[in-house]
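Structure assessment
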Amino acid sequence: ILCTAKNAVAEDTRTAHIKVVDKPDAPYDVKLIPGGVDEVRSIMLRVRLPVYTGNAELTDVIVDLNAVVVNMQQSSKLAIDFSNFEKNGTVLLYTISSGILPYTCYAASVRLTNDYGQGAAKTSRIVRTEEAEPTSGPANVSVRDIDATSLLVTWLPVPLASRNGNITAHQVSYSSPHHTSRKRSICYNSKCFLESQQRIPVSEGLSVELRDLQSNTKYRIQVRAINGAGYSSWTSVDHATKDLDGGSSPMPFTPPPGYNILGAAGMKVDETHIPAPTGTEITFAAGPASDENGPVDFYRLLLVDMGRVKNVSKLHPNPPDP
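Residues numbered from 1 in each chain as written. Predicted model: local features only at pLDDT ≥ 70, side-chain atom pairs only at ≥ 80, totals over all residues. Heavy atoms only, no water.

1. Here we look at the pattern of salt bridges
Where charged atoms from two side chains of opposite charge come close, those side chains can pair. Tallied over the full model, the rule gives six salt bridges. A salt bridge links Asp 64 to Lys 77; the shortest N-O distance between them is 3.9 Å. Of this pair, Asp 64 sits in strand β5 (residues 58–69) while Lys 77 sits in strand β6 (residues 72–81), and the two are 13 residues apart along the sequence. Residue Asp 64 is classed as buried on the basis of its relative accessible area, which comes to 18%. (Salt bridge = Lys/Arg side-chain N within 4 Å of Asp/Glu carboxyl O. Helix = DSSP H or I, 4+ residues; strand = E, 2+ residues; numbered from the N terminus. Buried < 20%, exposed > 50% of the residue type's maximum accessible area, 1.4 Å probe, protein only.)

2. Regarding the nonpolar core
Ranked by size, the top nonpolar core spans 22 residues in total, and within it Leu 32, Leu 45 and Val 61 carry the most contacts. Contributions of two or more residues to this core are made by β3 (29–34), β4 (43–48), β5, β8 (91–96) and β9 (105–114). At five residues, β5 tops the list of elements feeding residues into this core. Excluding anything up to four places from it in sequence, Val 61 contacts Leu 78, Ala 79, Ile 80, Phe 82, Phe 85, Leu 92, Val 110, Arg 111 and Leu 112. In this structure, Val 153, Val 208, Leu 210 and Tyr 219 belong to the second largest nonpolar core, which totals 13 residues. (Core = buried A, V, L, I, M, F, W, Y, C linked by side-chain atoms within 4.5 Å. Contact = heavy atoms within 4.5 Å.)

3. What to know about the sheet that holds strand β13 (residues 139–147)
Read across the sheet, three strands follow the order β13-β14-β18 without closing on themselves; strand pairing throughout is antiparallel. The sheet is open, and its two borders are formed by β13 and β18 (207–210), each paired with just one other strand. With strand direction ignored, the average angle separating the axes of adjacent strands in the sheet is 20°. Bridge count for strand β14 (residues 150–156) against β18 is four bridges, and the pairing is antiparallel. (Pairing = 2+ DSSP bridges. Axes fitted to C-alpha atoms, helices over the stretch in contact; angles between N-to-C directions.)

Quick look at the structure:
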């Protein structure tokens, strides 16, 4: 502002400077970019400054971050000091990594702040973070007998909060540790394949029938979920198929303490389930007398072949004919 005083002799002028300050305008543009430090659990915030910032230095950037988590909306407010932003001309960059969840939709509303207050808000478009491996496996895996060689396996889906993505399939593995040659298969819904075969993507399923199993055999059955980022942990359950005559599976053979099991060529065989082909000699030493708690009448020996009970014999501790 110029102020001039004048008379008949001369004039004099003085200048006064007045700075008009106000709240800043809304950001020109706000954008969320999934990624940054971690593509899954961080988001890059990009803010383009307006032309008018209130004729005052910016002090803070107020961010209202809204997320949709398991069909529920959550919001958090961040007050980020202006000095913490990476500056590239009129563009501000900041990585948000605290509390960011995988496969979650986010939107941000941003206000600029100076010493005279907060400006209007500018809202970004909605973005979604990348998938991550499920943090838990399927729940409540259960097994039901169809017949002596078939089982029905069912389970519940991975909880929504643990999926971290779109579950595209469930993988079922089954094997019997009692077999000398172990088979391991992969099942998608009702189709089973050997692991070496190409896997076929299918939609989410919650049951599978396992067929052509060995009767009277204990199996370990495992189920895990698959999404675009990988696999969940296995959920395991043990189940024994029925005998062909409808009976239950044999209990594992547990030799007495101090036993020594030898094969025909002096090789030590499996300590829990004993394959006993023709010509195999099985010997063991009696347990300590202090553990017998009375006279031992006989030892019971289960002869197991591929998980099936073939014979039950009594071994007397003091046979008359050595």
